[in-house]
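# Structural features, examined
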Amino acid sequence: MTDATKPAALPAGATIGILGGGQLGRMLSVAASRLGFRSHIYEPGAAPAGDVAHQVTNAPYEDEAALRAFAASVDVVTYEFENVPTSALDLLESLRPIHPNRRALAVSQDRITEKDFLSGIGLTTAPYVAVDDASGLADAVAAVGVPSILKTRRMGYDGKGQIRINDAGQSDWTDAPSVLEGFVDFSAEISVIVARGQDGQVSAFDPGLNVHREGILRTTTVPSGQPSSVLTDAVLIAARIVNALDYVGVMGVELFVTPKGLVVNEIAPRVHNSGHWTQAGCAVDQFEQHIRAVAGLPLGDGGRYADVEMTNLIGDDIDRVPALLAQPKTQIHLYGKGAPRPGRKMGHVNKVL
Ligand code: AMP
């Protein structure tokens, strides 16, 4: 690459704008600060990221004046949350560069668009069919079969907005445009945290093994215990996705391991819960990697130098912190949220194995 085509890196002291002020925004802010940048969080609700950011805007995504002022104060915009309304993005994009790009966001905001994109680049997804309303469910079940899973097309996360369909006569409805997915009989769930820089360089972290409880990620473990052929394939799939999207930043790619090969479950155009282990396992973790990419810096060394188990602290798990503090080889991350509620992610623990 010649100097003329090299991306211009942001200078030290530049400001990274982050849409979303949850724990991911918080850890991105810390990483930005370690690299000499400032961060400005834009968040309509409570913002645990605000505690560690240089500046916080607490305003709705519909507030045009607040969005303009935010854009004027930052050098680049990124996000920790993929469901930012399109109107806000249109305005911001006219004022500042946004990484990852709009196409990546559009693809991941809608499960049908996402699956169409993935199959369009030759990847395998669960069989799927769009279901616009309750009256279309019976035909969809006839096409996809049972067992299957009905999921809202948009805004679903942590297993929310999902209904398991076990028999053809079942008429439960999600109350929103949905997709019916065939149930994938997987032996394991793994994910790849992949990064792509502005120069097109791609780097993937070692794929982790994910275990969910009640639809929420419980643990991620590396090494995953999967054969190296599976891990290589997983990384190649992730690379194909980020290259096809001309992506800049970190992406989480969730995959099912099946006897017939890997099935892509979903992609998240942001740092990902299943990548938190990198904080204890790598010289450069997923948060720094993302900031490097959006700031136009070269990607860092994401090689893994330790075996790690990441466990989410969900709801009352926070009560375990005093005992965890006494454990060796244990790194604790707390998100500074208020009262614990069932299902609320309060922090996570990285245990070096
Ligand atoms: P999702 O919100 O799509 O990531 O789904 C949450 C969890 O539900 C996944 O991590 C899987 O454990 C399970 N799941 C989702 N879709 C399927 C599927 N088509 N077949 C089997 N399990 C699924």
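Model, not experiment: these values are computed from the prediction.

## Focus on the nonpolar core
- Leu-10, Ile-16, Phe-37, Trp-277, Phe-287 and Ile-291 are the most contacted members of the largest nonpolar core, which has 35 residues in total.
- Counting only elements with at least two residues in this core, the list comes to strand S1 (15–19), helix H1 (23–34), strand S9 (188–196), strand S12 (216–222), helix H9 (286–294) and strand S15 (308–314).
- Here the element with the most residues in this core is H1; it accounts for five residues.
- Looking at which domains feed residues into this core, each of domain 1 (15–98) and domain 3 (188–352) gives three or more.
- When residues no more than four places from it in sequence are discounted, the contact partners of Phe-37 are Leu-10, Pro-11, Ala-12, Gly-13, Ala-14, Ile-16, Ala-32, Ile-291, Ala-295 and Leu-297.
- Residues Ala-234, Val-242, Met-251 and Val-257 belong to the second largest nonpolar core, which totals 24 residues.

## Quick notes on the pairing of strand S6 (residues 148–152)
- Counted residue by residue, S6 has five buried out of five residues, so it is predominantly covered.
- Side-chain alternation along S6 places Ser-148, Leu-150 and Thr-152 on one buried face and Ile-149 and Lys-151 on a second face that is also buried.
- Note that S6 and strand S7 (residues 162–165) share four bridges and pair antiparallel. Residue pairing across strands places Leu-150 opposite Ile-163, the latter belonging to S7.
- Pairing geometry for S6 and strand S8 (residues 178–182), over five bridges, is antiparallel. Looking across to S8, one finds that Ser-148 is bridged to Gly-182.

## Things to note about the domain arrangement of the protein chain
- By the assigned domains, the protein chain splits into domain 1 (15–98), domain 2 (127–182) and domain 3 (188–352).
- On a C-alpha basis, the centroid separation for the pair domain 1 and domain 3 is 22 Å.
- Taken together, the contact pairs 19 residues of domain 1 with 21 residues of domain 3.
- The tally of links between domain 1 and domain 3 comes to two salt bridges.
- We note a salt bridge from Glu-82 to Arg-270, for which the minimum N-O separation is 2.6 Å.
- Counting every contact that joins domain 1 to domain 3 gives five residue pairs in polar contact (both at pLDDT 80 or more).
- When contributions to the side of domain 1 that touches domain 3 are tallied by element, the ones reaching two or more residues are H1 and strand S4 (76–79).

## So, the sheet that holds S1
- If you walk across this open sheet you meet the four strands as S3-S2-S1-S4, and the pairing is parallel. The strands lining the two open edges of the sheet, one partner per strand, are strand S3 (55–57) and S4. Mean inter-strand twist for the sheet, computed between neighbouring axes without regard to direction, equals 25 degrees.
- By the bridge criterion, five bridges tie S1 to strand S2 (residues 38–42) in an arrangement that is parallel. Each residue of the ladder has a partner; that of Thr-15, found in S2, is Arg-38.

## Digging into the sheet that holds S8
- Spatial ordering of the open sheet is given by S5-S8-S6-S7, a layout of four strands whose pairing is antiparallel. At either end of the open sheet lies a strand with only one pairing partner, and these are strand S5 (128–131) and S7. Averaged over all pairs of adjacent strands, the angle between their axes in this sheet comes to 25 degrees, without regard to strand direction.
- Set on the sheet, helix H5 (residues 111–120) makes contact with S5, S6, S7 and S8; between it and S5 the angle comes to about 150 degrees.

## Some details on the side chain of Thr-125
- Along the chain, Thr-125 falls in the loop between H5 and S5.
- Beyond its immediate stretch of four places on either side in the chain, Thr-125 contacts Lys-115, Leu-118, Val-263 and Val-264.

## Describing the site of the ligand
- Around the ligand, the surrounding shell holds 16 residues, and the nearest of these are Lys-151, Gln-162, Glu-181, Val-184 and Glu-189.
- Residue Glu-181 places a side-chain N or O atom 2.9 Å away from a nitrogen atom belonging to the ligand.
- Of the residues contributing to the shell around the ligand, the split by class is six nonpolar, four polar and six charged.
- Residue assignment places the shell around the ligand across two domains, with domain 2 (127–182) and domain 3 (188–352) each supplying three or more.

## Focus on the pattern of salt bridges
- Counted by the stated rule, this structure contains 15 salt bridges.
- Across the salt bridge formed by Arg-218 and Asp-317, the nearest N and O atoms sit 2.6 Å from each other. Pair noted here: Arg-218 is in strand S12 and Asp-317 is in the loop between S15 and helix H10 (321–325), with a separation of 99 residues, a long-range link.
- A relative accessible area of 13% places Arg-218 in the buried class.

Reading the values: rules and limits
- Residues numbered from 1 in each chain as written.
- Predicted model: local features only at pLDDT ≥ 70, side-chain atom pairs only at ≥ 80, totals over all residues.
- Heavy atoms only, no water.
- Core = buried A, V, L, I, M, F, W, Y, C linked by side-chain atoms within 4.5 Å.
- Buried < 20%, exposed > 50% of the residue type's maximum accessible area, 1.4 Å probe, protein only.
- Helix = DSSP H or I, 4+ residues; strand = E, 2+ residues; numbered from the N terminus.
- Domains from an automatic or database assignment.
- Contact = heavy atoms within 4.5 Å.
- Pairing = 2+ DSSP bridges.
- Salt bridge = Lys/Arg side-chain N within 4 Å of Asp/Glu carboxyl O.
- Polar contact = N/O pair within 3.5 Å; in protein donor to acceptor, adjacent residues only side chain to side chain.
- Axes fitted to C-alpha atoms, helices over the stretch in contact; angles between N-to-C directions.
- Near = heavy atom within 4 Å.
- Nonpolar A, V, L, I, M, F, W, Y, C, P; charged D, E, K, R; others polar.

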